[in-house]
Amino acid sequence: MADQARARRLAKRIAQIVASALEHDIKDPRLGNVTITDARVTGDLRDATVYYTVLGDSLDAKPDFAGAAAALESARGVLRTKVGQGTGVRYTPTLTFVADQLPQDARHIDDLLAKAREADAEVARLATGAQPAGEADPYRRKDDDED
């Protein structure tokens, strides 16, 4: 079992090598909007998972995840060769590509926060003219107990 720090360094280096190869060496047009977000390596340094996200051509265009996944699968061997040449480890890790769910999760959290802000604004609107249900000062005091 390898050191965890070494696995992290190797994962970072693999992410850099794959990103550079996608930008400069792989000429598949389906990979033009692919961004490598992270990489993880198992403890034995035999398997690497590379996380990626795909951006759309414009702000309102849907990204082509299926095309990017197919292009990454077809370029897997070339990318593994580049990783082997760039890292210099005894055994080049196998590469697995996984679409990163971070942008969708962030969008979902933003939607939830917007709903919470709307609910808070509604509660604040309803509370502007509200009166307490009981007395103005509902707490007991020592002076009141002695009477």
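An unreviewed UniProt entry annotates the protein as Ribosome-binding factor A originating from Saccharomonospora azurea NA-128. We quote the UniProt Function (unreviewed entry) comment for the protein here in full: "One of several proteins that assist in the late maturation steps of the functional core of the 30S ribosomal subunit. Associates with free 30S ribosomal subunits (but not with 30S subunits that are part of 70S ribosomes or polysomes). Required for efficient processing of 16S rRNA. May interact with the 5'-terminal helix region of 16S rRNA." As recorded by UniProt, the Subunit (unreviewed entry) comment attached to the protein reads in full: "Monomer. Binds 30S ribosomal subunits, but not 50S ribosomal subunits or 70S ribosomes."

Asker: Tell me what's going on with the sheet that holds strand 2 (residues 47–54), and back it up with residues and numbers.
Answerer: For sheets, the rule is that strands pair by backbone hydrogen bonds, running either parallel or antiparallel. What the 3 strands build is an open sheet, ordered 1-2-3; its pairing is mixed. Across the chains shown, the open sheet's two edge strands, defined by having one partner strand only, are strand 1 (34–41) and strand 3 (94–99). Averaged over neighbouring strand pairs, the angle between their axes works out to 30° when direction is ignored. Direction of pairing for strand 1 relative to strand 2: antiparallel, over a ladder of 7 bridges. Counterpart to Val-41 in the pairing with strand 2 is Ala-48.

Asker: Which residues make up the packing of aromatic side chains, and what values go with them?
Answerer: Summed over all chains, the structure comprises 0 aromatic pairs. It is Arg-80 that lies over the ring of Tyr-91; its NZ or CZ is 5.7 Å from the centre.

Asker: Please provide a residue-by-residue account of helix 1 (residues 4–24), values included.
Answerer: Between its first and last C-alpha, helix 1 extends 30 Å over 21 residues, near the 30 Å set by a 1.5 Å rise per residue. Packing partners of the buried residues in helix 1 comprise strand 1, strand 2, helix 2 (65–74), helix 3 (76–87) and strand 3.

Asker: For the pattern of salt bridges, give the residues involved together with the corresponding values.
Answerer: Counting across every chain of the model gives 5 salt bridges. Between Arg-30 and Asp-28 there is a salt bridge, with the nearest N and O atoms lying 2.8 Å from each other. The exposure class of Arg-30 is partly exposed, given its relative accessible area of 39%. A salt bridge links Glu-73 to Arg-76; the nearest nitrogen and oxygen atoms lie 2.3 Å apart.

Asker: So, the environment of Gly-43: which residues are in play, and what are the values?
Answerer: With respect to the helices and strands, the residue Gly-43 is situated in the loop between strand 1 and strand 2. Using a relative accessible area of 17% as the deciding quantity, one classes Gly-43 as buried. Between the C-alpha atoms of Gly-43 and Asp-28, which are 15 residues apart in sequence, the distance is 32 Å.

Asker: Hey, could you go over helix 3 for me, with residue numbers and the actual values?
Answerer: Look at helix 3: 16 Å from first C-alpha to last across 12 residues, which is about the 16 Å you get at 1.5 Å a residue. Just beyond helix 3, the residue with positive phi is Gly-88, at close to 75°.

Asker: Provide a residue-level description of unusual backbone geometry, including the pertinent values.
Answerer: Even without being glycine, Leu-45 reaches a positive phi, approximately 60°. For Leu-45, a relative accessible area of 10% gives the class buried.

Asker: Go over the packing of helix 1 against helix 3, please, and point to the residues and values.
Answerer: Two numbers describe how helix 1 lies on helix 3: the axes approach to 9 Å, and their chain directions differ by 125°. Accordingly, the angle class assigned to the pair helix 1 and helix 3 is oblique. When you trace helix 1 past helix 3, the crossing you get is right-handed. Residues Leu-10, Arg-13, Ile-14, Ile-17, Val-18, Ala-21 and Leu-22 of helix 1 touch helix 3, and the partners they reach there are Leu-79, Lys-82, Val-83, Gly-86 and Thr-87.

So, how was this worked out
Residues numbered from 1 in each chain as written. Predicted model: local features only at pLDDT ≥ 70, side-chain atom pairs only at ≥ 80, totals over all residues. Heavy atoms only, no water. UniProt positions renumbered as here; feature names shortened; annotations may be inferred. Pairing = 2+ DSSP bridges. Helix = DSSP H or I, 4+ residues; strand = E, 2+ residues; numbered from the N terminus. Axes fitted to C-alpha atoms, helices over the stretch in contact; angles between N-to-C directions. Phe/Tyr/Trp six-rings, centres within 6.5 Å; stacked < 30°, edge-to-face > 60°. Lys NZ or Arg CZ within 6 Å of the ring centre and 35° of its normal. Expected span 1.5 Å × (residues − 1). Contact = heavy atoms within 4.5 Å. Salt bridge = Lys/Arg side-chain N within 4 Å of Asp/Glu carboxyl O. Buried < 20%, exposed > 50% of the residue type's maximum accessible area, 1.4 Å probe, protein only. Parallel < 35°, antiparallel > 145°, perpendicular 65-115°, else oblique. Left-handed = near helix turned anticlockwise from the far one by under 90°.

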